[in-house]
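# Residue-level structural notes
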Amino acid sequence: MTAIVAVIAALAIIIPISLWYAFAATTLWGWFIVPFFAAPTLSTWQMWAVVLTLNAMKPRTSIHKETREVDWEKLSLVFLQPAVSIGLGAVVKFWILVP
């Protein structure tokens, strides 16, 4: 029973995080790739599949320290990285690439 709860808890964390990454990637894709390379637009769900595929190929690092405690610094980077990417993309799109 505890294994089922652990799987559900893990999915409750992993799915929103991966959707957050997919939203950030979709936004950046629409801002830069579509207009400059005439690529097709991707929905958040399509980008979610791309994010999951790329994450499956990426080497893993643990968010746990040697003591098996959660490394809050690494965990906070998981949430902040997409926000920083969107922020920097907005700076480039709206202030540097203004026609």
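Note that the structure is a prediction, hence the values are computed from the model and not measured.

### Re the overall build of the chain
A count of helical and extended segments in the chain gives three helices and zero strands. For the chain, with 99 residues in total, the buried portion stands at 19%. Taking the intrachain contacts of the chain between residues at least 6 apart in sequence as the baseline, contacts between residues at least 24 apart amount to 60%. For the chain, the accessible surface area stands at approximately 7600 Å², while carbon and sulfur atoms represent 74% of it.

### Structural notes on a nonpolar patch on the surface
There is a patch of nonpolar side chains on the surface, built from Phe-36, Phe-37, Val-91, Val-92, Phe-94, Trp-95, Ile-96 and Leu-97 and spanning about 880 Å² of accessible area. For the nonpolar patch, the element with the most residues is helix H3 (residues 72–96), which contributes five residues. With respect to the secondary-structure elements, Phe-37 resides in helix H1 (residues 2–37).

### With respect to the layout of surface pockets
Computed from the structure, the largest pocket encloses a volume of approximately 980 Å³. In terms of lining, the largest pocket is formed by 26 residues, of which the most central are Tyr-21, Asn-55, Lys-58, Arg-60 and Val-78. Where the lining of the largest pocket is concerned, the elements lending two or more residues are H1, helix H2 (44–57) and H3. Considering each element in turn, the lining of the largest pocket owes the most residues, eight residues, to H1.

### Some remarks on unusual backbone geometry
Backbone phi values are negative for most residues with the exception of glycine, while trans is the configuration of most peptide bonds. Positive phi, close to 55°, is recorded for Ala-38, a residue that is not glycine. Here Ala-38 shows up in the loop between H1 and H2. The exposure class of Ala-38 is exposed, given its relative accessible area of 70%.

### Some words on the side chain of Ser-18
By the element assignment, Ser-18 lies in helix H1. Given the relative accessible area of 7%, Ser-18 is considered buried. Engagement of the side chain of Ser-18 in a polar contact is seen with the backbone oxygen of Ile-15, the distance being 3.0 Å.

### Overview of H1
In this model, H1 (36 residues) spans 49 Å end to end at C-alpha, consistent with the 52 Å of a helix rising 1.5 Å per residue. Of all the bends in H1, the largest measures some 40° and sits at Trp-29. Taken together, the buried positions of H1 are occupied by Ile-17, Ser-18, Ala-22, Ala-24, Thr-26, Thr-27, Trp-31, Phe-32 and Val-34. Close packing links the buried residues of H1 with H2 and H3. Of the residues flanking the end of H1, it is Ala-38, one or two places downstream, whose phi is positive at about 55°.

The rules behind these values
Residues numbered from 1 in each chain as written. Predicted model: local features only at pLDDT ≥ 70, side-chain atom pairs only at ≥ 80, totals over all residues. Heavy atoms only, no water. Helix = DSSP H or I, 4+ residues; strand = E, 2+ residues; numbered from the N terminus. Buried < 20%, exposed > 50% of the residue type's maximum accessible area, 1.4 Å probe, protein only. Contact = heavy atoms within 4.5 Å. Areas by Shrake-Rupley, 256 points an atom, 1.4 Å probe, with all protein chains shown as cover. Patch = residues over 30% accessible without salt bridge, like charges linked within 9 Å, V, L, I, M, F, W, Y side chains within 5 Å. Salt bridge = Lys/Arg side-chain N within 4 Å of Asp/Glu carboxyl O. 1 Å grid on protein atoms, 1.4 Å probe; cavity = no way out; pocket = protein on both sides within 12 Å on 5 of 7 lines; lining within 4 Å. Points joined across faces, edges and corners; volume = space filled by probe spheres on them. Polar contact = N/O pair within 3.5 Å; in protein donor to acceptor, adjacent residues only side chain to side chain. Expected span 1.5 Å × (residues − 1). Bend = angle between axes of the 7 residues up to and from the residue.

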